[in-house]
Structure formats: structure tokens, C-alpha cells
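# Structural overview for review
Each chain is listed here by its residues.
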Amino acid sequence: MQFLDAETRRELDFDAVWQRIRPVSPLGQAAKRQAEAFLPHQAAQLEESLLRLEQAADCLRRQPQGADDLAYFLSNLRDISALVDRAGQGEVLDDTELYEVKKLLLLAADIQGELERLQWSFLLPEPLDPCTGLKAELSRGQGSKTSFYIADAYDQELAALRRARLSLEERLTQLRSGVEEKVRRFAGRGLSMDDEISVSPSDTQLVGALSAVEGLVKVQTSPEAITFRLLEGEELAELRRELGELREREEALKARVRQRLSRLVGAYAPQLLRILKMLGSLDFLLAKARFCLEIRGVRPKLCAAPRLAIQQGRHLLVEEEVQGDGGVYCPLSLELGPGVTLLTGPNMGGKTVSLQTIGLLTAMAQYGLLVPAQAMEFQPRRFIRVHLASSQRGQGLSKFAGEMAFVREVIAHSQDPGLILLDELAHGTNPAEGAAVAQAVVERLRGEPAMTVITTHFPSLVSLEGVCHYRVRGLRRNLLQEQGQLLAAQGSAALRRLMDYSLERAAPGQFGQSDAVLVAEAMGLEPEIIARAKALQRSDSHG
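To keep things clear, this report deals only with the structure shown in the data block.

Rules of the game
Residues numbered from 1 in each chain as written. Predicted model: local features only at pLDDT ≥ 70, side-chain atom pairs only at ≥ 80, totals over all residues. Heavy atoms only, no water. Salt bridge = Lys/Arg side-chain N within 4 Å of Asp/Glu carboxyl O. Helix = DSSP H or I, 4+ residues; strand = E, 2+ residues; numbered from the N terminus. Pairing = 2+ DSSP bridges. Axes fitted to C-alpha atoms, helices over the stretch in contact; angles between N-to-C directions. Contact = heavy atoms within 4.5 Å. Core = buried A, V, L, I, M, F, W, Y, C linked by side-chain atoms within 4.5 Å. Buried < 20%, exposed > 50% of the residue type's maximum accessible area, 1.4 Å probe, protein only. Expected span 1.5 Å × (residues − 1). Arc of directions from axis to C-beta. Polar contact = N/O pair within 3.5 Å; in protein donor to acceptor, adjacent residues only side chain to side chain.

## Things to note about the pattern of salt bridges
One pass over the structure, following the stated rule, counts 37 salt bridges. Taking the shortest distance from any N to any O, the salt bridge between E157 and R256 comes out at 3.7 Å. Of this pair, E157 sits in helix 9 (residues 156-187) while R256 sits in helix 11 (residues 234-267); the two residues are 99 residues apart in sequence, bridging distant segments of the chain. A salt bridge links R240 to D195, with the shortest nitrogen-to-oxygen separation between them at 1.7 Å. Of this pair, R240 sits in helix 11 while D195 sits in the loop between helix 9 and strand 1 (196-199), and the two are 45 residues apart along the sequence. Each of D152, R162, R165, E169, R247 and E250 takes part in a single network of salt bridges with overlapping partners.

Here it is, written out as C-alpha cells:
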């Protein structure tokens, strides 16, 4: 079973949280896309990953400027794995591609140096391979320049041929300099690379002047332009021929150098690909560390026992929404074990958010993130599945049928150490049948290794043996009367401010007092209705 399916990711808001991790390089972004959750058999790797992330976050907190400097270096990192692979397969790289390889090595040296300066080298699993031989070859004859070109130092024959070419080009320049000088004097510009110049026919004075220049001949006339070309004598023609041959030989020698350098890049391909992977991972690690600092995350501790304990856990998106509305967010604290845990409490009591928080923090922890909580201890889960009352699962079925299809699937995997989160189990049918179905499901799941958390309004469920029970503390009743007028005026907004969303462990069989009549009274419902509701409530409580 997949650790998180698409619907669970959406209902927990995991994808929205994951999007806030922003690597600065294409390789870091690729590392993020390839990230997978650590499963129970990978607990040791998860613990190592979480420890490294905690250390990285601590580094960023103590030396934010160092983090900015590294981010700048990493933002210049390009993914050149494809060209490295091509070189490894024997293809010849061009000058731009050879430059990209050299640039990578120089950038890797800068990043390694910065890590050492900051004393952050432990953020890499091993030092970056400097590929000294390759870097030296790509820098031959270029001094400290960061660019790349095929210098004379690569080949003595190439160096001699270039000297001969330069000599011929100088002689050619001298031959055409007399004509060039006159053209510049008359036209204000020189001849093109093809030894031509085009002018407007309407500029008769310039046309006449150029026509009179010895060594310049008119080769084309049109209504738009008149083109003149340098007259090519025998000496000039011979120079051009020799120069063309030299250039062809030079290109052949340069191709030979490229081939040799490409073979060397191919030989270093494993090291280069390792550098790319390590730098991408470093970028992803630093992006996670920046995010974890922003959310005030703590490192979740792993335990061998089947346990999930959260202290003051926060659902990031809900917290932001509450605080944005001027409210005070109430964090979550609870402890889960295998079997079934029930959450009860009034509507608007935050039970659904509690489910989302449990699932989100567990998913974040198993994706190797610090979690927004005061503390968390858990044994990694094999899978997480959630079904909220507002779920869109099972489209095309009735709400109840879609929920039962979900229950059937998770029961089939309940022998695995998963995390199952069910909101308002069996609420989509009539109460009597819903309570019966819910009880049967709880009885089926309470002895399984999976941790199942169910929110419910069915009182009968809390009396079942072998079931843990938390309830929302609910309305602060002592404040209801004194703020009754405010409640009637402001409605649900004021009601939320009177609600205590924290959970408390309930005794077996203790469902808790309902707030429904109190809320109705505080919201200004007619006194006769309130009196009748209280009478019916007392009658029910006495059988």
C-alpha cells in the first residue's frame, strides 16, 4: 500500500506544506521531486536524515549570512548530467559544454571552501571530489580565467599553425588597409567580413567617391542598394586560399583537442555525476532547513514501541488561518497506540483539525522534516489514510457508500502498522444504523496493529472495551452567561473564542456533557424551546 495516496495528501494539506520547501537550483528541485517517505524498515536512515536536518537548521539559525552565500552559489548550479552521460558514451562535447563542466568544478570548489569556512562540512556525506586532473586539463593555458577556450598550450602543432594564420591575417590586413582606409573616410564605416559595402543609390556623392577608389569594384545594383566589393588580385587571392587551408587545419586540430578532453570528461563521469547529486541534495537539505526554521520545527524522536505522541502540535495552514482572523490557535496534544482511539466533542470543536494535524505531522516526520510541535515521538507508519466528513472519495457513489469503500480498503491493510484517520464514521446514514456499523468497524479494528483515530458523535462507541478515548474540552461554560449578548450579536465568531479546543483523556464509557442546548440558549433561541430541550435531555438521561 502506498504511503500516501493523492487524496490523503490533499486532505491533510501535505502538498500545500511541501510546496513551501523551495530549493534554488534545478538539481535541488529534482531532489525534492524524487523524495519519498521513509518506511518502518528505514528507521535508521530516517533518524540520520532528521539529525542532519536539525543540524542544518541550527547552522542557518546561527549564521544566516553563510546560508545566503551558499544559496547564491547553489543558484548558479546547472544540471549537466545529460552532457556528462553523453561524454561517458563517447560523444564529443563542444566548447560551451566543456565550459559547463569546468564551471561545475569551479563552483563545487567554491561550495566546498564555503562549507569548510563555515565549519558546515558535515552537511555533505563526504567531501566533494575536486577532480583535480580534469580541472587542470580544462584550465590548461588559461591561467585563472573561469571561462574555457582551446588554448595554444593544448597542442604544439595547433600553436604553430595559429601563429602562421595570424601572420597571414596581418598581411591580408595590410593589403586591404589602403582601400579600407578610403572606404572609412568616405562612408564612415569599413568593409564587411565579405569585403563588401552597400550604400544607398540616392547618396550619389558617396557612390561617386567609392566608384573612384582603386581596388574597389561595383558588383550589384538595385533600387535599394549599390554594393561594392574589394577587387581581388592574384596576391590577395593566394593569401585567402592559404588562409582558408590554415583555418581548416586549425579546426581539425581543435576538434582533436575536444575529442581528447571529452574522453577525459567521460572518464570522470562517475565523479561528476556524484558531485551533481551531492550538490542537489545539499540544496534540498538547506531548503528544508530554511522551511523548518520558519515553522519553528523540532526533530521528532523515533521509538521502537508502537507509539505516536504529540505535544503542542500545530497544523500550519489552520494556525495561519486562525491567527489571520485574529484568533488564538490551540495546539494538539495526545498519545496513540495500536487499535482504536476515539475523539468526541461538540461540532466546531476542532476534531477534524485534530485528525489532520495527526496525519500531517506524521507525514512530515516520515518525509524527513522537522515538525511544528513542542515535541513528537513516534514509530514510523507503513501508510497513512484519511477520510474526512467532507471527503470527495468514491465520487459516483453516495457519501455513505464512498466511506464504506474506504473502510473496506483500510481494514484489508489494518494488520500493517499504518495510521487510519476516520472523521464522523458512518454519519451519512440514519443514526441507529450508523451507530451499529460504526461499532462493528471499531470492534474489527481495535485489536489490529494499525493506529486508528475516529471522530464520532455516537455515545455507544465510548463504552466499548479496549478503546482509548479523548474528548474536546469544549465551551468554557463559566463565560457563556457573561458573554451571552456578544454571542447573540456576533454568532459563531464569538462562539469560537469561547471554545477550548484542547483534548483531554476521558474515562471509559464517559461521553461527556453536550454543549448543544447551551449554545442554542446563548445564541438567543426562544426560552420555551430551550426549556423543552432541557426537559427532554433530562428525560433521556434518566432512561
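## Some details on the sheet that holds strand 10 (residues 419-422)
If you walk across this open sheet you meet the 6 strands as 9-10-11-7-12-13, and the pairing is mixed. Each of the sheet's edge strands pairs with one partner strand only, and the pair in question is strand 9 (384-387) and strand 13 (499-505). Neighbouring strand axes in the sheet, compared pairwise and without regard to direction, differ in orientation by 15° on average. Pairing between strand 7 (residues 339-344) and strand 11 (residues 451-455): 5 bridges, direction parallel. Its bridge partner being in strand 11, V340 is matched across the sheet by T452. Lying on the sheet, helix 15 (residues 399-412) is in contact with strand 9 and strand 10; it crosses strand 9 at an angle near 160°. The sheet strands contacting helix 16 (residues 431-445) are strand 7, strand 11 and strand 12 (467-475), and the helix crosses strand 7 at an angle near 140°.

## Some remarks on the nonpolar core
I111, W120, L134, L272, F291, M364 and L421 are the most contacted members of the largest nonpolar core, which has 123 residues in total. For this core, the element with the most residues is helix 12 (residues 269-294), which contributes 14 residues. Setting aside residues no more than four positions away along its own chain, I111 makes contact with L70, F73, L74, L279 and L282. Counting 23 residues, the second-largest nonpolar core is a separate cluster that includes F383, A435, V441 and A450.

## A closer look at helix 16
An ideal rise of 1.5 Å per residue puts 21 Å on 15 residues; helix 16 measures up with 21 Å between its terminal C-alpha atoms. Taken together, the buried positions of helix 16 are occupied by G434, A435, A438, V441, V442 and L445. Taken around the axis of helix 16, the buried residues stretch over an arc of 130°, which confines them to a single face. Tucked into the core, helix 16 has its buried residues touching strand 7, helix 15, strand 11 and strand 12.

## A look at the side chain of T357
As for its placement among the helices and strands, T357 is situated in helix 14 (residues 351-366). Taking the relative accessible area as the measure of exposure, T357 reaches 1% and is therefore buried. A distance of 2.7 Å separates a polar side-chain atom of T357 from the backbone oxygen of V353. Residues in contact with T357, not counting those within four places in the same chain, are G313, R314, H315, Y329 and L332.

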